[in-house]
Every structure is written in C-alpha cells, then in structure tokens.
Amino acid sequence: MVHQLPIGAKDLLPLDVAQKRWIESRLQNVFQSWGYQRIITPTLERLETLTAGGTVQPESVIQLYGSGMDVLGLRPELTASIARAYAARLSREVTNCPQRLYYSANVFRRKSESGSPLLASLQEYYQSGVELLGGAGLLADGEILLLLAECLKQVELTNWQVILGDAGLTGTLIETFPSQYREKIRHCLAHLDRIQLENLEIPDAVKERALQLIDLRGRPQAVLARLSTFAWASELSNAINHVKSLVDLLESAGFANALVLDLSLVQTFDYYTGIVFEVVCENHVIAQGGRYDRLLGVYHPQGITYPSIGFCLNLEDLHQVLLTTLPQSTQTTDYLVVPCTPQATHLAFVHADQLRTSAERPSVELELAFRSEQLIRDYARSRGIKQIAWVRDGEAIALEKL
Ligand SMILES: N[C@@H](Cc1c[nH]c[nH+]1)C(=O)O
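Residues numbered from 1 in each chain as written. Predicted model: local features only at pLDDT ≥ 70, side-chain atom pairs only at ≥ 80, totals over all residues. Heavy atoms only, no water.

### Topic: the UniProt feature "binding site: L-histidine" (unreviewed entry) in the protein chain
For step 1, the next point in the chain: According to UniProt, the positions carrying the feature "binding site: L-histidine" (unreviewed entry) are Glu77, Leu78, Thr79, Arg109, Gln127, Glu131, Tyr271 and Tyr272.
For step 2, the next point in the chain: Mapped onto the fold, Thr79 is located in helix α3 (residues 79-87).
For step 3, the next point in the chain: Residue class for Thr79 comes out buried when judged on its relative accessible area of 8%.
For step 4, the next point in the chain: Look past the residues within four positions of Thr79 in its chain and what remains in contact with it is Tyr103, Glu131, Tyr271, Tyr292 and Leu295. (UniProt positions renumbered as here; feature names shortened; annotations may be inferred. Helix = DSSP H or I, 4+ residues; strand = E, 2+ residues; numbered from the N terminus. Buried < 20%, exposed > 50% of the residue type's maximum accessible area, 1.4 Å probe, protein only. Contact = heavy atoms within 4.5 Å.)

Take a look at the structure:
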C-alpha cells in the first residue's frame, strides 16, 4: 500500500524549513522591536468560537468531533482566537491597553473547488502576524501599516503594492443598495468582476452606482478626487477624511508609489469595520489585514468591545516570491567524528561531546558504519563537512581538514 498525503497537504523538508525559518525569524525580530509579544493559541477551537458573529463561514473550517457533543474546528486564521483569548482580559486601565501581540502558526482551510464538500481538500498554511488590541485612530492604523512595510523591508521584498480600502465605508455604500441586490453586488466587488456586474439583472440606477463603486480603485489622490464628485459621498465625510489622513501619512512615509486605494476591496473574513488592506507582489497576496472594532465584543461576556487592528503575512506566498533570495542550502555540520574500530566507539562519543561543548559550539555528527576512509571522505565532502576527526583506540585523535 502506498501511503499518500491527504490532498492539499505537504511535507516541509529541511531546506524548506531553513527558508521558512529565515523568513519567520526576520519577521519576529521586527515584531519584537516594535514591542509586540508572542501569543500561542490552540490549533483546535470550538466551531462556534471560530464562527461567532458570522465572521468566519463554517464551510471553510475543517471540523472534528470532540468528547461530548462539542463540534471543534481547526483554526482557519488566528484573529478570532486572539480576540477570544483577550476579550475578557482587557480593561480600560492604562496598564492594560493596548496589547501588542504577535504569532507565527499554522492555519487550516477547507477548499472546495467544485462546491462539493466531498471533494474539498485540506489546505494547511503558515501565517505570521500581529494584533494591536485596544488601539484606535490614525496612530494605530499608521503603526500597523508602517510595521507591515518594515516587515517587507526586512525580508528584502521589493515591487510590492498595498491595496487599501475601508470596510466601514464600503459596507455603508453597499447598505445603500436595496437589500435584495446587496449580496450579488458584494460578490462582484469582492471578485472585481466588472463584466458580471454589468450583466446583473438589477435596475439601471442601482447598477450605475455599483459600477461607480467598482471603479473607485487607483492612485489614492485620483480616487479621492473622483469620490468627492459623487453627491452620496458627502454623508460619509468622517470615514473619507480618515482615509485621506492615512493616505497622507503613508505617502509621507515613502509609500507613494506602492499605494493603491480601492474602495471596493472586500476581504474573505467578515469582521472588518474600518480600514482593510492587502499586500500584493507578482500575483501573490503576501499579507492582509484590517481594523475590527466589534470582534472583541462578540467574545466578551457583557459584549464590551475594544477597537483593534492587525495583519498577517502568508508565509507560502512570501516564500514563493522570495525563492531566489532565500538561503539555498541547509546548515552544514562542522565536524564528522569517526570511530575507526568498534573499540574506539566510547572514545568517539566522548570526543564528539568535547567538541560540541567547546567555545565555538560547533555541530558534530558521528560516523555510524565503519565505512572505508574513502567512502567516509566522499560522504563528508558531499555534505559540506569541513573537518574529520579520526578516533583510534589508544592513539591521539587525528584531525583532517577537507
Ligand atoms: N486573520 C486575518 C488577517 C488579520 C489579522 N488581523 C486582522 N486581520 C487573515 O487570516 O486573513
């Protein structure tokens, strides 16, 4: 019998792991230097926790049955879990808010290409991200976007673009459409599907406004100028002014050419209430996030909420885009210690141990099979090992540099 992986699952071999750790450790250094602390939440949560308030669709969660009647789910993302963990732990005391948290973890999604749950495949992804809980306003939004830009700089990513939207603003605009058309329009916006929108059977006046919305995408100043020509926009001046101030802040921080304003941007998860964004590079969505001011209230026993914002980087996408700049080999072992005869075995273990605890803390591996000297040298060269310590019973150890 051939034991195959489940569809969509994959093994990460040592080189993949070395490259992934290179990315993760650079990101973690940035998170820590901005004052974020690591949080670890469980891989499994109650399904109702993951989908509370309709923020995550149950169909996208891989479900399991726990003891009793609990339906459990593998987390499809971490923001809901972190909101659950902190909702009742936050308070308005100065010592408590804001909380800056980061994570690096795997997430699982169920993907159904054909819409059939039987054909759905398991997808496991890795994310590194941050949540700024209890942080509101321009400063918090600015911190998150500038922190994201610093992460991209530290992993040496170039040619990226940030697509910036506002879920509050877009949601309010969608609310102004008659309720029977909202879902269809939302779907077209989420998929940037102008053709489908043009062909929808909806009244012309509604369609015209929906098309105005899908076209609100491009250089920020041009989009904002176009927006100001629409009569309906005047009722949304607070949200529009916030976006303007954020755009100014980002442009003065050097984002100018990398920023696209897209007021039709709709995200996969439905908990966003304010700015939303994604980073794209070579057709990959490298990162996404946004403001979710109501989510903590969903988990708080009295419904008290705290304004919050965060993002995550999608490590597989980042890995793909960075492939040529990542380390191309795994770390090599410094020494190979060779017991030349069975009698030298004990001495070889002792010598290997002495080397490992010496000042430079080298990595040391042991020859296991008493192979010929030639085979041992060939093996060491093939693995990039630079030094062989030949251990013979009753003789001084002979060090050979390759
Ligand atoms: N959890 C979101 C990203 C995010 C983090 N914080 C806010 N949003 C995702 O997986 O897409």
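### Some words on the nonpolar core
For step 1, the next point in the chain: Membership of the largest hydrophobic core comes to 71 residues, with the highest contact counts inside it found for Phe31, Leu157, Trp160, Leu164, Phe311, Leu313 and Leu318.
For step 2, the next point in the chain: If sequence neighbours within four positions are ignored, Leu318 has contacts with Ile23, Leu27, Val155, Leu157, Ile286 and Leu313. (Core = buried A, V, L, I, M, F, W, Y, C linked by side-chain atoms within 4.5 Å.)

### Concerning the packing of aromatic side chains
For step 1, the next point in the chain: Counted under the stated rule, the structure contains six aromatic pairs.
For step 2, the next point in the chain: Ring geometry for Trp160 versus Phe255: centroids 5.7 Å apart, planes at 75°, classification edge-to-face. Of this pair, Trp160 sits in the loop between α4 (137-154) and β7 (161-166) while Phe255 sits in helix α10 (residues 237-255), and the two are 95 residues apart along the sequence.
For step 3, the next point in the chain: Among the residues examined, Phe255 registers a relative accessible area of 4% and is labelled buried.
For step 4, the next point in the chain: Between the aromatic rings of Phe269 and Tyr271, the centroid separation amounts to 5.9 Å while the plane-to-plane angle is 15°, which identifies the pairing as stacked. An identical accessibility class is assigned to Phe269 and Tyr271; each is buried.
For step 5, the next point in the chain: Here the aromatic cluster, defined as three or more aromatic residues joined through ring pairs, consists of Phe269, Tyr271, Tyr272 and Tyr292.
For step 6, the next point in the chain: A cation sits over an aromatic face here: Lys20 above Tyr126, 4.0 Å from the ring centre.
For step 7, the next point in the chain: The ring of Tyr379 has Arg371 lying over it, and the distance from NZ or CZ to the ring centre is 4.8 Å. (Phe/Tyr/Trp six-rings, centres within 6.5 Å; stacked < 30°, edge-to-face > 60°. Lys NZ or Arg CZ within 6 Å of the ring centre and 35° of its normal.)

### Things to note about unusual backbone geometry
For step 1, the next point in the chain: Here the residue pair Cys97 and Pro98 is connected by a cis peptide bond, since its omega of 0° sits within 30 degrees of zero.
For step 2, the next point in the chain: By the secondary structure assignment, Pro98 is in the loop between α3 and β5 (99-111).
For step 3, the next point in the chain: The backbone of Asn283 sits at a positive phi, close to 65°, despite the residue not being glycine.

### A few points about the side chain of Glu400
For step 1, the next point in the chain: Examined against the element boundaries, Glu400 turns out to sit in strand β16 (residues 398-401).
For step 2, the next point in the chain: Here the side chain of Glu400 touches Trp390 through a polar contact of 2.8 Å, side chain to side chain.
For step 3, the next point in the chain: Discounting chain neighbours no more than four positions away, the residues touching Glu400 are Arg377, Lys386, Gln387, Ile388 and Trp390. (Polar contact = N/O pair within 3.5 Å; in protein donor to acceptor, adjacent residues only side chain to side chain.)

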